[in-house]
Amino acid sequence: MEEEPKIEDVLKNIYDLYGNPDVSKKEGASKYLAKLQDSIYSWKISDRLLAEKRDIHSCYYAAQTLRSKIQHSFHELHESDYASLRDSIISHIEHITVNTNPTIAKQLCLALADLVLLMASWQKPVSFLVEKFSHNTDSLQPLLMLLTFLPEEVDARYLRLGENRRKQILNELDTSSTIILNFLQSCIMITDTNVLQHIYVDIIQCFNSWIKMDCIKLDDAANSAVFLYAFKILADPTGTTEEKQLEVASDCVCAILEAIILERTSDELEKNIFMGVLQLESAYHNAVMNEDADKCMVLCRIFTVLAETYLPRIVNSSTPANPHYSIKALDMLILCVGHFDFELAQITFTLWYRLSEDLYHKNDDAHTAIFESYIERLIEALFKHCQLDADHEGLINEEDTFYDFRFKVSELIKDVSFIVRSKKCFQHMFNILQNPGVTWEATEAALFIMECVARNLDVKEDKIVPKVIEAILNLPETCHIAIRYTSVNILGQLCDWISAHPSTLDAVLNFLLAALQRKAGLASAAAQSLQLICTSCHREMINHVSGLLEIARCLEMFEVQDDAAIALLKGISTTVSRLPNERVTEVMRQLCNYQISHLCMLMESTTKKDPSHWIDRLAAIYRYMIPKVGENETNPATVVITRENWPVLSKMLDHYKDAEKIIERIVRCIRYGIRCISHDALPILESLVTQMVNVYTSHKHSCLLYLGSILVDEFGNDARCINGLLHMLEAFIEPTFNLLQAENGLKNNPDTVDDFFRLVVRFIQRMPLSFLQSQLVTPIIQCASLACTLDHRDANMSVMKFLTNLLSHGKPSGDPSIRPFVHHIVQSHGEGIIGNLLYASIFYLHSNMLSDVVDVLMEMKTINSETFCAALKKSLNQLPRKNAGGSVTATDEQMNAFYLNVTKNGVTTRQMTHELQDFCRLFR
């Protein structure tokens, strides 16, 4: 906005946005108000709207704008404006009452909290705020909200406080902890129940916030009135506590427990806290008795955090003769897992995963045996939870939460089964099946648990597995479909055992073929199991190729889901690959023709139908068809792919060029086809490249760039193909750069950036000299330098990989014919690249992306240390020394230390990464 808007115009647009039924008016108002929010005038306008209090919508817009401006545009203000802004917001907060809209109050409190953090000149803000607001009961809730936000916002990325300012703030919070504890205690002691009822949740939330940021010492926190009050809420046996109360009280206890990990505390304090939390067992029993599911869940979460907190002691300090006292936490979890609601059991799963991981790495059978009884009880409880209702019909709906729960149970049992041994677990469930009068739902659940561990059984086992397979093969027709479904899955999981006992194969195949012809979900399960058996029993399955081909031909007649059909084709293709090469061609032709014929019909049809599952099936055949090909032999799949399938795939590229998702599938299919036959795809290379370039130029599908990288990978070492591939790259560059140079082009097209630089990396890997001699290098390096700031993980990684691979050829150990080209690039572009990398690392990239940046810097340093040091020093000198709030970002000493540590001889990649991460935190 060029000039300050009139307040009446602003109010009219606010009314139009929230109250005008005319959609066009709403859209216009939204654009106007967004533009105002971006302007410098919004500071003054927001303050005036809040002061005038015309209506709730104008106040909300003003509060939200003020909060947003402080968080994202604080640099617009001069340091002399900070005090007046502070006083203005405090004035607005002073006018908050119990009738004020909570959202407006929250926005104002958040705005002031962020201002406290940014405004380095504001001394002792916590004591000032407590003194200012604590004497008015109407101001207690906004004060509590404000004090809650203070620690929570310290690490807010958008504020960019910097590590030095953060340390100042944390020291301020630490020295103010006594003030906070006294204030919170005085709030808890308020005798006016109406006031306390209004703020008790805020009191505990504020306390939790300070605990989580380690601003209150654990000893003080554990003995505070707030913690005791939260504990009292949880221990209340009446069952009348509100859900929000329970939630914040449990957060409080969990925060105290998690603080044990952060602080070095005395053993006595740790034990006292543990024993105190353990007293909540009676509260859990009362909640079960009162059928209070919410409270049971809250307490289960507390017991889980308790066990996670003490897990290192449980695992490392327990012996078979003398388990650590904290092992009692596992008993509490078993108690919760035994609750009738499976959601409680699910809360504990993370703990069992961590326990199994710790025991696996410890690799001590005697030590693992300490926990065997717990896992046995866990599996027994999960077996009961996994049982369907007696009146359940059909299979479980995949959208049902119970289906998701059983999937998680399966993954958990696979992880923990080694603690009790898979054979023992399998045997125990088999014994349940043997019980007289066992119900169908218990039978199915036992089979489900057996399915989870079946793959881990020793293939030499000859007592239980034969009986299980025999029982499955002889299931009566009247058995529940869920039992048959789980039985089909077990046979798939026993694929390795069946491979070791081929005499059972024919009967198993007949059973699965019968299941494949059934409906209601059995067909998909049978397809998945057939795939597993084909993969494990590939030698034996060669004798069944004709049957497998018939299954593939009739696939549409079965009720098989797409993923199961693809899995089945994977198994069939794996088996076909084991055939003699002279047979592979004909069998593969038949397999592909089933898919190709349907694709041809779809293209000729007048109605538009999605060809995706046919394309995916063809891609699966290409992907898993891996015949053994000797040197100088032609791949038996070549004639099928290049002569028979390629014309159809080529036609599809043109036919579906407007449909991005379908094109991606076609390109993936072609990719697997090229990978399948490798150099034997040379006859179609020229026509493929021409078509790719034409489609990309008009539609810019980035997947075509990725396909280009596959072609370079396969044919880049072939001198006959180098010029053609370089021409392909040249043709790709213009439309790519046009797309990326548009406004927000890099940000809006990360897939294109990713795929383009994957393509260029392949050129460096396969034909570095030819690539570096071309005229394409300079614009690509300039593009890479700009793309350094892109915070998309995969795209940025590809850019960094390009620079790293390029620079690696400039090392002393590199090819002498290539080194001069790389050295010239460093001389011409090194300073700009280093500057952009440092700037991107500080202001754009996440910490976990900096290791890729360091790879580039290390290569640059190795090639030309002098250029690296000079460029780094220049870039450091250009960095801002103060943040938006006036705090020092990096001192001269910190700048110099970073420079010396990074440029010194012998610095490792890991050391430089840590140095860069620490340095970036000074500006974040």
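In case you missed it, the structure is sitting above this.
Keep in mind it's a predicted model, so treat the numbers as computed, not measured. (Residues numbered from 1 in each chain as written. Predicted model: local features only at pLDDT ≥ 70, side-chain atom pairs only at ≥ 80, totals over all residues. Heavy atoms only, no water.)

## Quick look at the overall build of the protein chain
Link 1 in the chain: Along the backbone of the protein chain there are 50 helices and zero strands.
Link 2 in the chain: Reported as C-alpha extents along the three principal axes, the dimensions of the protein chain are approximately 90 × 80 × 65 Å.
Link 3 in the chain: Within the protein chain, the proportion of its 924 residues that are buried is 54%.
Link 4 in the chain: For the protein chain, restricting intrachain contacts to residue pairs at least 6 apart in sequence, the fraction spanning at least 24 positions comes to 74%.
Link 5 in the chain: Summing over all exposed atoms, the protein chain offers an accessible surface of approximately 41,600 Å²; the carbon and sulfur share of this is 49%.
Link 6 in the chain: Within the protein chain, one finds 86 positive and 116 negative side-chain charges whose respective centroids are separated by 4 Å. (Helix = DSSP H or I, 4+ residues; strand = E, 2+ residues; numbered from the N terminus. Buried < 20%, exposed > 50% of the residue type's maximum accessible area, 1.4 Å probe, protein only. Contact = heavy atoms within 4.5 Å. Areas by Shrake-Rupley, 256 points an atom, 1.4 Å probe, with all protein chains shown as cover. Lys, Arg positive; Asp, Glu negative; His and termini not counted. Charge placed at Lys NZ, Arg CZ, Asp CG, Glu CD.)

## Describing the layout of surface pockets
Link 1 in the chain: Reported here for the largest pocket is a volume of approximately 870 Å³.
Link 2 in the chain: Elements that contribute at least two residues to the lining of the largest pocket include exactly helix H23 (401-420), helix H25 (440-453), helix H27 (481-493), helix H30 (522-536) and helix H33 (562-576).
Link 3 in the chain: In the lining of the largest pocket, the residues fall into 13 nonpolar, 10 polar and eight charged.
Link 4 in the chain: Taken as a whole, the second largest pocket encloses approximately 300 Å³ of empty space.
Link 5 in the chain: With three residues, helix H4 (residues 56-72) is the largest single contributor of residues to the lining of the second largest pocket. (1 Å grid on protein atoms, 1.4 Å probe; cavity = no way out; pocket = protein on both sides within 12 Å on 5 of 7 lines; lining within 4 Å. Points joined across faces, edges and corners; volume = space filled by probe spheres on them. Nonpolar A, V, L, I, M, F, W, Y, C, P; charged D, E, K, R; others polar.)

## Concerning empty space enclosed by the protein
Link 1 in the chain: Following the criterion strictly, the structure yields five cavities of 30 Å³ or more and no others.
Link 2 in the chain: Taken as a whole, the largest cavity holds about 50 Å³ of empty space.
Link 3 in the chain: Taken together, Tyr-622, Ile-641, Trp-646, Leu-649, Cys-669, Ile-670, Gly-673, Ile-674 and Ile-684 make up the full set of residues lining the largest cavity.
Link 4 in the chain: Elements with a minimum of two residues in the lining of the largest cavity: helix H36 (638-655) and helix H37 (660-677).

## Section: the pattern of salt bridges
Link 1 in the chain: This model, assessed by the stated rule, comprises 38 salt bridges.
Link 2 in the chain: When the shortest N-O distance is used, the salt bridge between Arg-48 and Glu-52 registers 2.8 Å. Of this pair, Arg-48 and Glu-52 both sit in helix H3 (residues 42-52), four residues apart, roughly one helical turn.
Link 3 in the chain: Between Asp-331 and Arg-377 there is a salt bridge, with the nearest N and O atoms lying 3.3 Å from each other. Remark: Arg-377 occurs in helix H22 (residues 372-385) and Asp-331 occurs in helix H18 (residues 328-337); sequence separation between them is 46 residues.
Link 4 in the chain: What makes Asp-331 partly exposed here is its relative accessible area of 21%.
Link 5 in the chain: Here Arg-377 falls in the partly exposed class, since its relative accessible area comes to 36%.
Link 6 in the chain: Several salt bridges share partner residues, and in doing so they unite Arg-675, Asp-713, Glu-714, Arg-762 and Arg-766 into one network. (Salt bridge = Lys/Arg side-chain N within 4 Å of Asp/Glu carboxyl O.)

## Remarks on the state of the cysteines
A covalent bond between the sulfur atoms of two cysteines is what we call a disulfide.
Link 1 in the chain: One pass over the structure, following the stated rule, counts zero disulfides.
Link 2 in the chain: Note on Cys-252: no disulfide assigned, nearest cysteine sulfur contributed by Cys-254 at a separation of 9.2 Å. (Disulfide = S-S within 2.5 Å.)

## What to know about the side chain of Arg-67
Link 1 in the chain: Looking at where Arg-67 falls in the secondary structure, it is placed in helix H4.
Link 2 in the chain: For the buried Arg-67, no salt bridge is present, and the opposite-charge side chain at shortest range is Asp-114, 6.4 Å distant.
Link 3 in the chain: If near-sequence neighbours (up to four positions away) are discounted, Arg-67 is found in contact with Gln-107, Leu-110 and Ala-111.

## Details of the side chain of Asp-754
Link 1 in the chain: Along the chain, the position of Asp-754 falls in helix H42 (residues 750-766).
Link 2 in the chain: According to the relative accessible area criterion, Asp-754 is buried, its value standing at 8%.
Link 3 in the chain: In this structure Asp-754 touches Asp-794, Ala-795 and Ser-798, once residues within four positions along its chain are discounted.

## Things to note about the packing of aromatic side chains
Link 1 in the chain: According to the stated counting rule, one finds 21 aromatic pairs in the structure shown.
Link 2 in the chain: A centroid spacing of 4.8 Å and a plane angle of 50° characterise the contact between Tyr-839 and Phe-843, whose relative ring orientation is tilted. Taken together, the residues span about one helical turn, with Tyr-839 and Phe-843 both in helix H46 (residues 819-843) at a distance of four residues.
Link 3 in the chain: Through successive ring pairs, a cluster of aromatic residues spans Tyr-839, Phe-843, Tyr-844, Phe-898, Phe-919 and Phe-923.
Link 4 in the chain: In this structure, Arg-86 packs its charged tip against the face of Trp-122, placed 5.1 Å from the ring centre.
Link 5 in the chain: The ring of Tyr-899 has Lys-873 sitting right over it, with the charged end atom 4.3 Å from the ring centre. (Phe/Tyr/Trp six-rings, centres within 6.5 Å; stacked < 30°, edge-to-face > 60°. Lys NZ or Arg CZ within 6 Å of the ring centre and 35° of its normal.)

## Overview of the nonpolar core
Link 1 in the chain: Ranked by internal contacts, the top residues of the largest apolar core, which has 351 residues, are Phe-207, Trp-352, Met-728, Ile-780 and Phe-802.
Link 2 in the chain: In terms of residue count, helix H17 (residues 293-316) provides more of this core than any other element does, 13 residues in total.
Link 3 in the chain: The residues contacting Met-728, other than those within four sequence positions of it, are Val-689, Met-692, Val-693, Gly-708, Leu-711, Val-712, Leu-759 and Phe-763. (Core = buried A, V, L, I, M, F, W, Y, C linked by side-chain atoms within 4.5 Å.)

## Considerations on helix H34 (residues 581-604)
Link 1 in the chain: For H34, built from 24 residues, the straight-helix expectation of 34 Å at 1.5 Å per residue is met to within 8% by its first-to-last C-alpha distance of 34 Å.
Link 2 in the chain: The axis of H34 is deflected most strongly, by about 30°, at Asn-593.
Link 3 in the chain: For H34, the full list of buried residues reads Val-584, Thr-585, Val-587, Met-588, Leu-591, Cys-592, Tyr-594, Gln-595, Ile-596, Leu-599, Leu-602 and Met-603.
Link 4 in the chain: Against helix H32 (545-553), H33, helix H35 (612-624) and H36 lie the buried residues of H34. (Expected span 1.5 Å × (residues − 1). Bend = angle between axes of the 7 residues up to and from the residue.)

## Looking at the packing of H32 against H34
Link 1 in the chain: At a minimum axis distance of 9 Å, the contact between H32 and H34 shows a crossing angle of 20°. What the angle tells us is that H32 and H34 run roughly parallel. For the pair H32 and H34, the crossing hand works out as left-handed. Together, Val-545, Leu-549, Ala-552 and Arg-553 of H32 and Arg-583, Val-587, Gln-590, Leu-591 and Tyr-594 of H34 make up the contact between the two elements.
Link 2 in the chain: Across the contact of H32 with H34, the residue classes tally to six nonpolar, one polar and two charged. (Axes fitted to C-alpha atoms, helices over the stretch in contact; angles between N-to-C directions. Parallel < 35°, antiparallel > 145°, perpendicular 65-115°, else oblique. Left-handed = near helix turned anticlockwise from the far one by under 90°.)

Functional significance is not addressed by these values, which are geometric in nature.
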